Amino acid sequence: MASNKENMAARDETIFRDMPVRRAVLTMAVPTVIGQLIVLFYNLADTFFIGRTGDPYKVAGASLILPVFNIAGALAAIVGIGGGTLISRLLGRNEREEASRVSSFTFYAAAVLGMCWGLLVLVFMGPILGLLGASANTFSYAREYALCVVVAGAVPTLLQLICAQLLRSVGCSGQAGFGVSMGGILNVILDPLFMFVLFPKGKEILGAGVATLLSNVVTLIYFLIVIRSVRRTTVLTLSPRAGLPKKEHIRSIFLNGLPGGTSNLLFDLSQIMINKLMSGYGDIPLAAIGIILKAERIPLNTGIGICQGIIPIIAYNYAAKNKKRMTDTIWFSRLLGLGVAAVSITLYELFAPQIMHLFISDPATVQIGTGFLRARCLATPFMFIAFHLVFSFTAMGEGKTALSLAVIRQLVLYIPLLFLMNTLFGMYGLVWAQITGDIITDAISLAWFRYKMKRISLPMPYHLPGSGIR
């Protein structure tokens, strides 16, 4: 038994404690980034294959459901990020049995949330689609897609995201990344099969929805097998017999997961609002912004993957009081994300028309979307800094701070700016609202970051990380 516990400790702590910082960040982040990009790729694949029908109403109908589908990710973040960061901090304090109880509780809490969300969407489908801006031309398509990916798919979607987060929390980032990637690749394969072969003409949206649902179910099965296989060498368990974690730890799960979940929810709310406001200019601009909101997520999902990868490293070293390693991790990952953002802006500015043509051939949609994309992509580095700070504070257990930053960014600044700039500048004002809001958000957040780092007596480096980061 002692030997088994030593093996568990060795596996958990090699990456978090002993591996050079740059290598540790890349080891955790690269599989997560790949998984995030493939998840995005299969979301884009739905839009790509639906766009092959040449019908902008079908594209708009499916795009309307994206924020509702993403709410499942927000719910998963509430318990997944909260539970995962707590597990990593418990490992840093060598409280392994409690970490096992947290892993079991996190899984079943997510299952309950998924069932509640799917039922809620089913009962209030009509009002929800009306709120999203569905028109007579797009309502039936949006409903078909929502029934598959949200109503029937809520539980498997949440649980496979939770399992990936649990695996990352103990250093199994490779297994987590492979599972997420496998699901995405499977969806890309199933999309054309269900849309153009198995389902009749006119039911392409339903075929895309069924393909997404089946992919998530298969991914969940894979994760359940992996967690079962690693339960002897890690603290992970899904057995209810592990018992409930301490009350203060249950509160910690939700308190520290709430910022990430709230950030996702508010992000989805902002997408709902931009879709709703854009729908006032017609279905063509709505289809264009739907494509842009997906295409811009390539650098954003890369940044999210970096942040998800570093959460366990930050959380473990914060609990273990290894302050230098924690701050080095924060700085190196921040530079990594900003580098990705710079490359992305260059590519989007140069190839915006070609990117639009990948999704739809309708000339009017391509023309409007090209301008939208070139404007929206400029916000990429500012968006990365905003959620990098939220993730960093969450990893340190600073849930209230992270939650405040998320609320300021979306609810206080960005959403009101959407209405203001729509009134002042029309549909292009909606596009420019993102960078306007995030510049203000980053100025506030970075000042808050410096203040909080000093308050918790952590070293605040004023130089770029160099040879001091191994």
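Our subject is the structure listed above.
For every chain, the first residue of the written sequence is number 1, and numbering continues from 1 along that sequence. In view of the model being predicted, local features appear only for residues whose pLDDT reaches at least 70, and side-chain atom pairs are presented and counted only at 80 or more, with totals across whole chains, interfaces and linings using the full set of residues. Values shown for side chains rest on all heavy atoms present in the structure; no hydrogens or waters enter the calculation.

> Looking at this structure, I do not really get the pattern of salt bridges. What am I missing?
Between side chains of opposite charge, a pair can form when the charged atoms approach closely. A side-chain nitrogen of Lys or Arg and a carboxyl oxygen of Asp or Glu constitute a salt bridge if their distance falls within 4 Å. In total, this model carries six salt bridges according to the counting rule given. Close ionic contact of E95 with R93 constitutes a salt bridge, the shortest N to O distance being 3.3 Å. Think of it in three bands: with a 1.4 Å probe and only protein chains considered, a residue is buried below 20% of the maximum accessible area for its type, exposed above 50%, and partly exposed in between. You can call E95 partly exposed: its relative accessible area is 28%. Judged by relative accessible area, R93 falls into the partly exposed class, the value being 40%. Residue R101 is joined to E98 by a salt bridge in which the shortest nitrogen-to-oxygen separation is 2.8 Å. Note that R101 and E98 are positioned in helix α5 (residues 96-123) at a spacing of three residues, about one turn of the helix. The helix and strand labels rest on DSSP assignments: H or I over at least four residues marks a helix, E over at least two residues marks a strand, and numbering proceeds from the N terminus.

> Is there a simple way to think about a nonpolar patch on the surface in this case?
Among the surface-exposed residues, L119, L120, L122, V123 and F124 lie close enough to one another that they form a single nonpolar patch of about 470 Å² accessible area. As for its placement among the helices and strands, L119 is situated in helix α5. Patch rule: a residue counts if its relative accessible area is over 30% and it has no salt bridge; like charges are joined within 9 Å, and nonpolar side chains (Val, Leu, Ile, Met, Phe, Trp, Tyr) within 5 Å. Only the protein chains shown count as cover for residues, with accessible areas throughout obtained via the Shrake-Rupley method and a probe of 1.4 Å.

> I'm lost on the packing of aromatic side chains in this one. Help?
One pair of aromatic rings is described through two measures. These are the centre distance and the angle between the planes. Working definition: a ring pair exists when centres of Phe, Tyr or Trp rings (six-membered ring for Trp) sit within 6.5 Å. Plane angles under 30 degrees give stacked, over 60 give edge-to-face, the rest tilted. This structure, assessed with the given rule, holds eight aromatic pairs. With a centroid separation of 5.8 Å and an interplanar angle of 70 degrees, the aromatic rings of F393 and F449 are classed as edge-to-face. In this pair, F393 sits in helix α16 (residues 380-395) while F449 sits in helix α18 (residues 427-455), placing the two residues 56 residues apart along the sequence. F449 carries the same exposure label as F393, and that label is buried. Aromatic rings pair up to connect F178, Y222 and F223 into one cluster. A cation over a ring is seen here: R334 above W331, with NZ or CZ 5.2 Å from the ring centre. Note on criteria: charge over ring means Lys NZ or Arg CZ within 6 Å of the ring centre, with the direction from the centre no more than 35 degrees off the ring normal. The ring of F449 is capped by R334, whose NZ or CZ atom sits 4.9 Å from the centre of that ring.

> Hey, could you run me through the state of the cysteines in this one?
What we call a disulfide is simply a covalent bond connecting the sulfur atoms of a pair of cysteines. Here, the term disulfide refers to a pair of cysteine sulfur atoms separated by no more than 2.5 Å. Per the counting criterion, the structure on display carries zero disulfides. No disulfide involves C172; its nearest neighbouring cysteine sulfur is the one of C163, lying 12 Å away. On the accessibility criterion, C172 (1% relative accessible area) is buried. Of all cysteine sulfurs in the structure, the one in C377 sits closest to C307, which takes part in no disulfide; the separation is 19 Å.

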